[in-house]
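Examination of the molecular architecture
Residues per chain are reported as follows:
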Amino acid sequence: MKELLGRSLCEHAVSLDKKEYSSLELTRAFLENIEESDREIGAYITVCAEKAVSDAKRADSIRKEGGEHSALLGIPFAAKDNLCTKNIRTTAASRMLENYIPPYDATVISRLYSHGAVLLGKTNMDEFAMGSSTESSALRTTKNPADTSRVAGGSSGGSAAAVAANEAVFSLGSDTGGSVRQPAAFCGLVGLCPTYSRVSRYGLIAFASSLDRVGIITKNVRDNALVLGAISGHDELDATSNERRDSFDIDGQSDLRGLRVGIIRELLSAADESVRGCIIDSAERLKALGATVTEVSLPSSDEALSAYYVISSAEASANLARFDGVRYGLRAEDRNSVDELICRSRSEGFGDEVKRRIMLGTLALSKGFVQQYYKRACAVVQTVKRGFSESFEICDILLSPTAPTVAFPLGEERNDPTEIYASDICTVPSSIAGLPAISLPLGEDAYGLPIGVQLIAPEFCESLLYKVGAALYDGGAK
Amino acid sequence: MKEFDIDGIASLAHLEIQPDERERLVRDMERMIALADRMKSERREQKHEITHVSADLREDDILPPIDRDILLSQAPESENGYISVTRVLKEEIERKEIGETV
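Parameters and conventions
Residues numbered from 1 in each chain as written. Chains lettered and ligands numbered in written order. Predicted model: local features only at pLDDT ≥ 70, side-chain atom pairs only at ≥ 80, totals over all residues. Heavy atoms only, no water. Helix = DSSP H or I, 4+ residues; strand = E, 2+ residues; numbered from the N terminus. Buried < 20%, exposed > 50% of the residue type's maximum accessible area, 1.4 Å probe, protein only. Contact = heavy atoms within 4.5 Å. Areas by Shrake-Rupley, 256 points an atom, 1.4 Å probe, with all protein chains shown as cover. Lys, Arg positive; Asp, Glu negative; His and termini not counted. Charge placed at Lys NZ, Arg CZ, Asp CG, Glu CD. pLDDT = per-residue confidence, 0-100. Axes fitted to C-alpha atoms, helices over the stretch in contact; angles between N-to-C directions. Parallel < 35°, antiparallel > 145°, perpendicular 65-115°, else oblique. Nonpolar A, V, L, I, M, F, W, Y, C, P; charged D, E, K, R; others polar. Buried area = accessible area lost by both parts, 1.4 Å probe. Salt bridge = Lys/Arg side-chain N within 4 Å of Asp/Glu carboxyl O. Polar contact = N/O pair within 3.5 Å; in protein donor to acceptor, adjacent residues only side chain to side chain.

1. Focus: the overall build of chain A
Along chain A, the regular secondary structure elements total 15 helices and 13 strands. Structurally, chain A occupies a C-alpha span of about 65 × 55 × 45 Å along its principal axes. Looking at chain A as a whole, 66% of its 478 residues qualify as buried. A fraction of 76% describes how many contacts in chain A between residues 6 or more apart in sequence connect residues 24 or more apart. When the accessible surface of chain A is summed, it comes to about 16000 Å², and 47% of that surface belongs to carbon and sulfur atoms. Side-chain charges in chain A split into 51 positive and 64 negative, and the spacing between the mean points of these groups amounts to 3 Å.

Quick look at the structure:
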């Protein structure tokens, strides 16, 4: 069975229907591989083996009864550990929630369960999704399966590593400023960040509520579309979720005649030589498929990075105020007053990066600073949105690197915490504009490290991302 | 760069700064603020709108709550169906007992 673990979701679905193997056999094979490989890779914080086996058995019974069923029936998946899972520990990779057991499922989890998908476990991440390498996790280290001396990216590094290491067929992550796309790029996978409001955020532990999105990491484009079809759609429990109900069928057509592609000049020039080369190659492939490719400018992209860190930190400072040691989570032992209880619990429970961002966010919203920082950042968001709208008047889809470099080494010393923020330059503009974007593994550098190419589409145009993605990336044809 | 009161911000954020982390935290904050300062100054104020959000209210249907025991099982300390915390009014009660005006 182990040799089958690298197959796509679609391939597994066909084999399960043909009874070549059962969901129970497949699930047990993944669990065995996790047991063998994950001590090294570190993708998972919690593995729920018993539940996975029980759910796999149920999937097999449903399949045996016959009748229509979802392509996701019996398919093993992983979920980032900021997605609440009922009765399964959910930590956000923080000491603050190290032993927290949610009493409810996130909507995306319950929707996957209703499709019969099998949860293998909860994956490692940067603490409270704040980071770009998964190194700020308080609980364990995740290595890149492509090169274990390097990071898997972040903050959904565990989710990406799990799929890349054949420890799950697909995984869910969350993307606030690039946290699904960048780890997908670093690990050689397809990563989708949907339009803001496309997928319910109910049960996603909030980082920045106007930016957070649940994203999907898969081996190919077709798998990604299947999962989005299962988890997207309006949710009464999320007031920001959109009413639209779209389907994401991929027709397998690779004719892109008439498609107008724009390469974002500023993001291309931010990348290193090997990444730039891959973008240029991708542009040539698009032309060969019939598309026209031009260059567009997004001059506000540098400001977008600043605005992102101000707004996300400001919203995080509000969202993380609930972690006070009172109702759940870590409570400090040594305290003489309620104020000390709260301050000490938070100071002991949160790691350095989380504390830095809470402090920045608190400053950005405080008297004397709110005009200069938060309100100015809001104005930058509108400028960036206008920039994208202008580009979409002359282009149908935009092309850029997903990240300026390939995966960087694990454990790099950084005296300046903002150095790593610069690696978000390519993903943050579409994040603050609320647009959908996908990362495709279209190249490698001279050392075999994966390079991700990003496509950005107008809002709610995930189907266009999938159409172009499938045409560009051969893996999408499976 | 405008001066900021690190202790004031920490107080608002309900965080404690240890003496051995103060210098590093101030330096880190300065670098983060320098990143934020890269936003151009000649910007007109505009609203930050999240699109596609309706303000429809739901009906006042009474739905079953999550079981209290389940919620209390997550509380660090609990007693007789209540979450226990450090005494809030301790100082007030002590002052009243020795006859001070509250």
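2. A short note on the confidence of the model for chain B
Residue and element names in this part refer to chain B. Averaged over every residue, the pLDDT of chain B is 81; residues scoring 70 or more account for 73%. The lowest-confidence element of chain B is helix α4 (residues 90-97), averaging 62 in pLDDT; the highest-confidence one is helix α1 (residues 6-12), averaging 95. Interface confidence in the predicted complex, given as ipTM, is 0.90; pTM for the same model is 0.95.

3. Description of the packing of helix α10 (residues 301-319) of chain A against helix α12 (residues 352-364) of chain A
Residue and element names in this part refer to chain A. Where α10 contacts α12, the two axes come as close as 7 Å, and the packing angle between them is 100°. When the axes of α10 and α12 are compared, the pair comes out roughly perpendicular. Facing Tyr309, Val310, Ser313, Ala314 and Ser317 of α10, the residues of α12 in contact are Arg357, Ile358, Leu360, Gly361, Thr362 and Ala364. Tallied by class, residues from the contact of α10 with α12 come to 6 nonpolar, 4 polar and 1 charged.

4. Here we look at the interface of chain B and chain A
The partner chain A presents 71 residues to the 51 residues of chain B that form the contact. A buried area of about 5200 Å², summed over both sides, lies between chain B and chain A, and 61% of it is on carbon and sulfur atoms. Linking chain B with chain A are 7 salt bridges. Counting across the interface, chain B meets chain A through 15 residue pairs in polar contact (both at pLDDT 80 or more). Breaking the side of chain B that touches chain A down by element, the ones donating at least two residues are α1, α2 (19-36) and α3 (68-72) of chain B. Among the elements that make up the side of chain B that touches chain A, the one with the highest residue count is α2 of chain B (10 residues).

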